[in-house]
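Analysis of the macromolecular model
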Amino acid sequence: MASTSTSVASQPVAFTTQTPYPLPPQKFMIPGSWRRYQLSQLVNKALSLTNPVPFDFLIRGEILRTSLGEWCADNGVGEEESLEIEYIESIMPPQRMSDIPHQEWVASVSCQHKGLFLTGAYDGHVRLFNSSKEVKFDGPIHAAPITSSEDTRHMIASASHDLTAQITQVDFSAEAPRPFLSRFQSAGSHLLTSSWDGLLGLWDTSIPSTDEVPEPTLNDRERKKRRKVAGSERPRRKAPLLVLKSHTARVSRAVFSPVGNKAHSCGFDSTIRTWDTENGLCTDTITASEKPFLDLATTSDGNSILATSTDRSMTLYDVRVTSLASTASATFTHPATPSCVAVGSADHQVITGLTTASTKSAMASFKAWDGQQKVLSVDWSHGIAGIGGESGLEVWKINEA
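The sections below set out a description of the structure shown in this document. Computed from a predicted model, the values in this text were never measured in an experiment.

Helix and strand counts for the protein come out as three helices and 32 strands. Looking at the protein residue by residue over its 401 residues, the buried ones come to 49%. Of the contacts formed within the protein by residues at least 6 apart in sequence, a portion of 51% connects residues at least 24 apart. Element-wise, carbon and sulfur atoms account for 49% of the exposed surface of the protein, whose accessible area totals about 19,700 Å².

What follows deals with the side chain of Q11. You can see Q11 is positioned in strand β2 (residues 10-16). Residue Q11 is classed as buried on the basis of its relative accessible area of 5%. Each residue touching Q11, except ones within four places of it in the same chain, is listed here: F28, M29, I30, L68, C72, V77, G78, E79, E81 and L83.

The next point concerns the sheet that holds strand β23 (residues 304-309). The four strands lie next to each other as β22-β23-β24-β25, forming an open sheet whose pairing is antiparallel. For this open sheet the edge positions go to β22 (293-298) and β25 (328-333), each flanked by a neighbour on one side alone. Averaged over all adjacent pairs, the angle separating strand axes in this sheet is 20°, with direction ignored. Here β23 pairs with strand β24 (residues 313-318) via six bridges, running antiparallel. If you follow T308 over to β24, its bridge partner there is M314.

Next up on the list: helix α1 (residues 36-47). An ideal rise of 1.5 Å per residue puts 16 Å on twelve residues; α1 measures up with 17 Å between its terminal C-alpha atoms. Along α1, the residues classified as buried are L39, S40, L42, V43 and N44. Against the buried residues of α1 lie β2, β3 (27-31), β4 (55-59) and β6 (83-89). In the stretch just after α1, S48 is the one whose phi turns positive, near 55°.

As for its placement among the helices and strands, L58 is situated in strand β4. Accessibility expressed as a relative area gives 3% for L58, which makes it buried. Placed 26 residues apart in sequence, L58 and E84 show a C-alpha to C-alpha distance of 8.8 Å.

What counts, and at which threshold
Counting starts from 1 at the beginning of each chain's written sequence and moves along it residue by residue. Thresholds applied to this predicted model are a pLDDT of at least 70 for local features of residues and 80 or more for the giving and counting of side-chain atom pairs; totals over whole chains, interfaces and linings are not thresholded and use all residues. The basis for the side-chain values is all heavy atoms of the structure; hydrogens and waters are excluded. Numbering of helices and strands runs from the N terminus; a helix is a DSSP stretch of H or I covering at least four residues, while a strand is a stretch of E covering at least two. Exposure classes here rest on a 1.4 Å probe applied to the protein chains alone. A residue is buried below 20% of its type maximum, exposed above 50%, and partly exposed in between. Pairs of residues are marked as contacts when any of their non-hydrogen atoms sit within 4.5 Å. In short, Shrake-Rupley with a 1.4 Å probe defines the accessible areas, and a residue's cover is counted only from the protein chains shown. Two strands pair under a simple rule: DSSP has to find at least two bridges between them. Each axis is a line fitted through C-alpha atoms, taken for helices only over the stretch in contact, and angles between the N-to-C directions span 0 to 180 degrees. Multiply 1.5 Å by the residue count of a helix minus one, and that product is the helix's expected span.

Shown next, in the form of structure tokens:
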């Protein structure tokens, strides 16, 4: 057993990590007065790292923010009890880079393409900005607030309270991008929609030459709104490839799985469902008691799902097991309802409405618009986070460990 100090009360500690910097298996006697800084120094010296790497430390899923002795006293851990401490690479505090005001609330934001920010707002407009805040595209796509938007290299998909989802093809090589519209969101050749009636739609993203379904009957007011938005270029109407039925209440989010012909959805019926998108069948259901779900995100390997709920929590589920054996791997409480969630480039880090977190414990928190406005949407990629809300869009730099 390695000893570090005998002058003060010490705690037996074994270190673990999932970083590329593992320590040999052994126990250390750690002085109770030590904090994160001294522990980080110990790991660096034990590994003889040429370039120091700062670490944070997790004990029972909680970030160590006090001395080790204070943590033990607060949690009833005796001096003879061995502790297992996991260390992870530290991240710099989030830094606010810029804001892009909008006249209406921004309910959807995407920053998956480096240097570009896509927003969908309550005025029905989809906008694309570059990092210099220049408007690359501004389209009055919908006649009501936009609730969701996604983009690929030449395609923007959006959904709205006007009961439509639309695809906009954009060619930035032209002086003025010309939209060709049909109907809604994500994975390249296909997209998913979800709605308040408990249904999901699976669509392809091809643009038909003629309408595949008839125009619905509109009253005069609705007809004027549609005419004002669409102008002379009326969207072609598409039929879904499949309609997925299983939810018993509003479906709040649907996403494709990164692996296989699968998709996941969550809803106000307190369930998370897995779908076979080839056959249109619900293959698995995770049921939580009185836990209406607001949003979900998957890790890049498709093994885990993070879902936020109205009970002010975010829950991590392992979807490799069936619902009969499925239990929450971890639950993270928030001071307010986390209405949205996004996974960073590193699967072990996620961002929710107000907090940047590892899948163990909150790593940092920051307040968009100084905490004075509601956060409605988040996205995180390439070390940049886009925060959409009542005051438009804020851009933050959040380094990923």
